[in-house]
Structure formats: C-alpha cells, structure tokens
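Listed below, chain by chain, are the residues.
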Amino acid sequence: MRKGTKRETMRKTGAGTVLETAGICLLVCILLLCVPLTVPRAMGLQIYAAIDFNYGPEVAEGSLIYVEQAVGGDLAVGDMVTYYSADGGGVALRLVGENDEQAQSMYVTDGWGNGETVSCARVMGRVVAIIPALGPLMSAISTVGGALCIGGIFLLGLLLIALGERKKETVSSPDGGKTEWS
C-alpha cells in the first residue's frame, strides 16, 4: 500500500470526479438523443425524416416528423398527411386539399402548389409534430453502425464512471490524516 499526502489525495479524488462526471455526461447525452426516437414510438406514433424539399415550406429538409395513424375520413382540408407513394418508392408528405369520402380518395398538394389524387387506402396518417434538423440524426442512429456507435459511447460512459469511482476510493489511515490507496 502506498501512503499519500493530502495534496495527492485531492488530486486523486479530483481526477476521479472528472472521470465520473464525464461518464455521466455521456450517458445523459445518449439518453437525450434517444428519447425523441423511442418515446413517441411507444405512444404509437410513426417517425419519418424529411429527405427532400418536396414537402413545401412548412417542413424543412432534415426535419423529424411524427405521424399518428388516421384513416381518410378522419382527415380534414389543411391536415398534413403521409401516404405510400404510387411508385412504391417510399412515403410522401402532403397537405390535404380536398377529401372525398364517397370516392375514398383525396386531393393532396405540396407546399408549392403541385397536387395529385390519392386513394384513402394509401394514407398512413396525420402529422402531429415536426422537429427541425433531427431527421439526419434519426437516419444515422437507425443504421447498424449508428446503433453500434451509440452502444460504444454507452459503454465508454460506464467505463469512465467505474474508473472515476475507483480513483475516488480512499481509505483513511489510523495515523491521523494520511491516506492510503490500494
């Protein structure tokens, strides 16, 4: 066992506190990054990223879009909706211009005035929230590499906390104030 002075004790516990704080900060950052991507899904919402400018001036490219399930009859003129594109290439986001419940179709338009008629069967739901700039984050995290990166940062945070705790462990010695480390 090594005996240290009071100054060495302060340095050891200070370094431990810094390591532990860094680890906690990493874990908090990961939690804050994952909450917008997990909690809404638990509430039954679908999450999409706006990947181009065809969504009109209301939605900026790179926005994160939350969609609640809705059928054609539940949608009103002016609602922002998502639906499966006719070519099967993905999900489209448009504004309802007219809803014809009799024909089971609706006329939708983008923010630039272009429109098309969409079958109510292709409609996925109504947009309930838009968070600008978080779309690329969701796209990155939802890949295998992104998940591995988040997992690695999580493990690094835990490692820093453990190292910080170990650095801070001190044992008082019976000789009046000197500290020993194992």
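One structure accompanies this document, and this report is about it. This structure is a prediction, so every number in the text was calculated from the model and none was measured. (Residues numbered from 1 in each chain as written. Predicted model: local features only at pLDDT ≥ 70, side-chain atom pairs only at ≥ 80, totals over all residues. Heavy atoms only, no water.)

A closer look at the overall build of the chain
Check the secondary structure of the chain and you find three helices and ten strands. Walking the chain from its N terminus toward its C terminus, one meets helices and strands in the order β-α-β-β-β-β-β-β-β-α-α-β-β. A burial count over the chain gives 34% of its 182 residues as buried. Long-range contacts, defined here as pairs at least 24 residues apart, represent 60% of the contacts in the chain between residues at least 6 apart. When the accessible surface of the chain is split by element, carbon and sulfur atoms take 62% of a total near 10900 Å². (Helix = DSSP H or I, 4+ residues; strand = E, 2+ residues; numbered from the N terminus. Buried < 20%, exposed > 50% of the residue type's maximum accessible area, 1.4 Å probe, protein only. Contact = heavy atoms within 4.5 Å. Areas by Shrake-Rupley, 256 points an atom, 1.4 Å probe, with all protein chains shown as cover.)

Here's the deal with the nonpolar core
In terms of nonpolar packing, the biggest core is built from eleven residues, these being Ala70, Leu75, Val81, Tyr83, Ala92, Val96, Met106, Val108, Val118, Cys120 and Val123. Of all elements in the fold, only β4 (80-84), β5 (91-100) and β6 (105-109) reach the threshold of two or more residues within this core. In contact with Val81, other than residues within four places in its own chain, are Leu75, Ala92, Leu93, Arg94, Val96, Val108, Gly125, Arg126 and Val127. (Core = buried A, V, L, I, M, F, W, Y, C linked by side-chain atoms within 4.5 Å.)

Here's the deal with the pattern of salt bridges
Summed over all chains, the structure comprises two salt bridges. For Glu68, the salt bridge goes to Arg126, with nearest N and O atoms at 3.1 Å. One end of the pair, Glu68, is in strand β3 (residues 64-69); the other, Arg126, is in strand β8 (residues 123-131), and 58 residues separate them in sequence. Residue classification places Glu68 among the partly exposed residues on the basis of a relative accessible area of 29%. We note a salt bridge from Arg126 to Asp79, for which the minimum N-O separation is 2.9 Å. With Arg126 in strand β8 and Asp79 in the loop between β3 and β4, this residue pair connects regions lying 47 residues apart in the sequence. When sorted by exposure, Arg126 lands in the same class as Asp79, which is buried. Connected via shared salt-bridge partners are Glu68, Asp79 and Arg126. (Salt bridge = Lys/Arg side-chain N within 4 Å of Asp/Glu carboxyl O.)

Overview of the side chain of Asn99
Mapped onto the secondary structure, Asn99 falls in strand β5. If sequence neighbours within four positions are ignored, Asn99 has contacts with Gly72, Gly73, Leu75, Ser105, Met106 and Cys120.

Thoughts on the pairing of β6
Among the five residues of β6, four are classified as buried, and the element is accordingly described as predominantly covered. Examined bridge by bridge, β5 and β6 share five bridges and lie antiparallel to one another. Directly across from Asp100, in β6, lies its bridge partner Ser105. Adjacent in sequence and paired antiparallel, β5 and β6 are bridged by four residues, among which Gln104 carries a positive phi angle near 55 degrees. For β6 and strand β7 (residues 115-119), the ladder comprises five bridges, and the chain directions are antiparallel. Along β7, the bridge assignment pairs Ser105 with Ser119. (Pairing = 2+ DSSP bridges.)

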